[in-house]
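The lines below spell out each chain.
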Number of protein chains: 2
Amino acid sequence: MLNAIDKELLRAVADLEGIPKGAFNIRKNGKLLGREVSANINIETNAEGTGIVIRIRPGTVSESVHIPVILSQAGLHDVVYNTFVVGDDSDVTIIAGCGIHCGSSESEGHSGIHEFRIGKNAKMRYVEKHVALGEGRGKRILNPTTKVVLEENAWAEMELSQLGGVDEAKRLNAAELGPGSTLMITERVMTDATQTAESRNELLLTGEGSKANIVSRSVVKGNSKQDFFVNLEARAKCYGHIECDAIIMDNGISETVPALKALHPDAELTHEASIGKIANDQLMKLMSLGLTYDEAVDRIIRGFLK
Amino acid sequence: MLNAIDKELLRAVADLEGIPKGAFNIRKNGKLLGREVSANINIETNAEGTGIVIRIRPGTVSESVHIPVILSQAGLHDVVYNTFVVGDDSDVTIIAGCGIHCGSSESEGHSGIHEFRIGKNAKMRYVEKHVALGEGRGKRILNPTTKVVLEENAWAEMELSQLGGVDEAKRLNAAELGPGSTLMITERVMTDATQTAESRNELLLTGEGSKANIVSRSVVKGNSKQDFFVNLEARAKCYGHIECDAIIMDNGISETVPALKALHPDAELTHEASIGKIANDQLMKLMSLGLTYDEAVDRIIRGFLK
C-alpha cells in the first residue's frame, strides 16, 4: 500500500514509520489512501466530497488523530476542506501536515483549508509540518488555511512549520477567541533559493479574559523572501502578544507587519520584533569552542527554529 | 502687536514670553506677523508666496530659529509650505509649532508642510508643539507634514508633541536617510473626548550605516482614538528601531501598525510595542506614598509623556 516515496514523506511530515496507531486519515494524490476511526474519534468524508469531517466526542482525553496528506503526482494541485469538531472537555492532539515529492519539471501543490470548532473547556494541540522533497525542478506549492473558533475556556496550541523545500507558500490563520479561551501559535519557516513564504494571521479576541500569543521564527536564506502579517484585534478585556524574529542570511528579504488594535479599554497588547543577521558574538563564542563557521551557523539556526 | 491670546498661544507653543531673540518668523491667522533674520540664518517668503524658505549657512553652530504659527480666526484653515535648507557642518535648533485658539463654534485648522534638507555632517534639532486652547466648540484641526532628507552623516532629532485640545490631527512624517545619517523621532500625543489623531511615518534607510529610531508615546483618554503607522524600509546596511507605547484610559481606542521591511541582508530592524492600561502595581506604589488615585494617574501620565 505504501511505496518508498510515501514512506519517506510520511516520516518527514508526521514522524510516522508506516500506518499510524489510533484514528487516522491518509490522503495521497487527492484520494483516500487509508482511514481508521476510534470509539471517540469519528472521521467521515464531508457531504460535498471535498474533504473530511473529524468529530471528537466530548470528554475524550489523551487521544490523537493523524491526518497526513502526501503528494507525488506531477501536475496535481490538490485542494481539501477539512472540518474539526472538538467536543467539550476533551484533550486531544491532531497531527496534520503535507509532504510533497516532486520528481519532474511540473509543479505540484496542496491547499488544505481546515476549520476548527474547539468546544467549551476543550484542549487541542495541532501540529502541522510542511515538507517538500525530490529532485524534480517543478514548483512545490503549499497554501494552508486554518480557521479556529474557540468556545468558552477552550485552549488551542498550534505548531506550524515549514522547514525546507517549499517554493511558494501562502498561509492564512484566522481565529476567534471566546471568553477565557487561549490560543498559542508558533510558526517556524525556513526558505532558501528563490522561495517565497507569506503568512497572514487574523486574530480576533472577542471574549473576556481571552489570551492569544503568536510567535514567528523565520530563517531567510539565499534570495528567498518571507512576509509575515498579523492583525491582532482586541474587542474585550484580553491579552495578546506577538513575537516575530527573523534571521536574514545571504540576500534574503523579510517584511513583518504586526497590527495591534486595542478596541477595548481593558485590552493589553504587546509586540516584539527583530530582523537581522546572526549576532557576531554568538558565532564567535561557538567558534571559540571548536566549531567551524558553518557548524556554528547551523547550530544557531537549529536552536532558533527549535 | 501681540494681544493676550497671541501671547498665551506663543507661550504654550514655543515657551516664548513675547518676541523671541535671534531669527524668527511668526505667522498669525495666515499672515506674517513678524520676521527677523540673522547673519547666518535667512528667512524669505517663497516664490509662490505660500510659505517661507529658511536657509542656514554652512558651519552655523549653536543658533536657533523660531517659527511659531498662531491661529485665532474663526473658520480659518491655514495651509503653509515651508522649506528648510540646513547647511553642511551646521548645528542648529528649529522651534516650530502651532497654537490654535478657538472662541466660536466654527472650526479652525492649520496644515504645515515642512520640507528639510539636512546637509553633510549637519545637526538639526526640531521641536514642534501643537496646542489648542479656548472655550469655543468649533473643531481644532492640525495636519502637519514633515519631509526630511538627510545627507551624508547628517543628524536630526525631532520632538513632536500634541498634548491636548486638538480635535483632529493627521500627521505624516517622511524621511530618507543618506549614508551614516541618523534620525531620531519622538512623538507624544494625548487625546481626550472624541478627538482623533493619526500618525503615518515613512522612513527609508537608503544610506549605508544610517540609523533611525522612532518612539511613540500615546495617552488615549475619553472616547478618543489614536492610530500610529510606521513603514521602516531598509535598503542598505543600517539599523532601525521602532518603539510604540500607548496608555489606554476610559474608552480610548488605539491601533498601531509598524511595518519592518528588511530589503537588505545587513539591515537590522527591531520593534517593541505595548498597549494597555496603567499597571496596577505602579498605581498602588504611588498611592502607598500618600497620593490619591487621580494624583497617581496624573503623575504616571506626566512621566510617560515627558
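Residues numbered from 1 in each chain as written. Chains lettered and ligands numbered in written order. Predicted model: local features only at pLDDT ≥ 70, side-chain atom pairs only at ≥ 80, totals over all residues. Heavy atoms only, no water.

The name an unreviewed UniProt entry gives chain A is ABC transporter permease, with Desulfonema ishimotonii as the organism. We quote the UniProt Sequence similarities (unreviewed entry) comment for chain A here in full: "Belongs to the iron-sulfur cluster assembly SufBD family." (UniProt positions renumbered as here; feature names shortened; annotations may be inferred.)

A. Spotlight on the interface of chain B and chain A. Opposite the 28 residues of chain B that make contact, chain A presents 28 residues. With both sides pooled, the region where chain B packs onto chain A buries about 2,200 Å², and carbon together with sulfur makes up 55% of that total. Looking only at chain B, the three residues that lose the most surface to chain A are B:L260, B:P265 and B:I275, adding up to 24% of its buried area. Applying the counting criterion to the chain B and chain A interface returns two salt bridges. (Contact = heavy atoms within 4.5 Å. Buried area = accessible area lost by both parts, 1.4 Å probe. Salt bridge = Lys/Arg side-chain N within 4 Å of Asp/Glu carboxyl O.)

B. Geometry of the relation of the copies chain B and chain A. Turning chain B through 180° and shifting it by 0.0 Å along the axis lays it on chain A, with an RMSD of 0.0 Å. Taken together, these values place the two copies in the relation of a two-fold axis. Proximity to the rotation axis, assessed at the C-alpha, singles out B:E272 in chain B; its C-alpha lies 2.3 Å from the axis. Of all interface residues in chain B, 100% are interface residues in chain A too; the two copies therefore contact each other through one and the same surface. (Least-squares fit on C-alpha atoms with pLDDT ≥ 70 in both.)

C. Structural context of the environment of A:R217. All names here are of chain A. Mapped onto the elements, R217 comes out in strand β17 (residues 210-220). Taking the C-alpha atoms as reference, R217 lies 15 Å from R171; in sequence the two are 46 residues apart. Once residues lying within four places of it in the same chain are set aside, the contact partners of R217 are E187, R188, V189, E243, D245, F304 and L305. In this structure the side chain of R217 is engaged in a polar contact, spanning 3.2 Å, whose partner is the backbone oxygen of F304. (Helix = DSSP H or I, 4+ residues; strand = E, 2+ residues; numbered from the N terminus. Polar contact = N/O pair within 3.5 Å; in protein donor to acceptor, adjacent residues only side chain to side chain.)

D. Region of interest: the pattern of salt bridges. Scanning the model with the defined rule gives 32 salt bridges over all chains in all. Among the ionic pairs, B:K139 bridges to B:E168, the shortest N-O distance being 2.8 Å. Of this pair, B:K139 sits in the loop between β10 (123-133) and β11 (140-142) while B:E168 sits in strand β14 (residues 168-177), and the two are 29 residues apart along the sequence. Judged by relative accessible area, B:E168 falls into the partly exposed class, the value being 25%. A network of salt bridges, in which partner residues are shared, links A:R217, A:E243 and A:D245. (Buried < 20%, exposed > 50% of the residue type's maximum accessible area, 1.4 Å probe, protein only.)

E. Here's a closer look at unusual backbone geometry. Even without a glycine there, the phi angle at A:N121 is positive, about 60°. Take A:N121: it is sitting in the loop between β9 (108-118) and β10 (123-133). Classification of A:N121 by relative accessible area gives partly exposed; the value is 42%. A positive phi angle, close to 55°, is found at B:S62, a residue other than glycine.

F. Main features of the environment of B:C98. Within the element layout of this structure, B:C98 appears in strand β8 (residues 91-101). Beyond its immediate chain neighbours, meaning those up to four positions away, B:C98 contacts B:V13, B:V69, B:H110, B:K129, B:H130, B:V131 and B:L142.

G. Main features of the packing of helix α2 (residues 280-288) of chain A against helix α3 (residues 293-305) of chain A. All names here are of chain A. Two elements in contact, α2 and α3, have axes separated by 9 Å at closest approach and are oriented at 120°. The angle between α2 and α3 falls in the class oblique. In this structure, α2 meets α3 at a crossing whose hand is right-handed. Of the residues in α3, those touching α2 at Q282, L283, L286 and M287 are Y293, A296, V297, R299 and I300. Taken together, the residues that form the contact of α2 with α3 break down as seven nonpolar, one polar and one charged. (Axes fitted to C-alpha atoms, helices over the stretch in contact; angles between N-to-C directions. Parallel < 35°, antiparallel > 145°, perpendicular 65-115°, else oblique. Left-handed = near helix turned anticlockwise from the far one by under 90°. Nonpolar A, V, L, I, M, F, W, Y, C, P; charged D, E, K, R; others polar.)

H. Fine view of the environment of A:A47. Mapping A:A47 onto the fold places it in the loop between β3 (41-45) and β4 (52-56). Residue A:A47 is classed as exposed on the basis of its relative accessible area of 81%.

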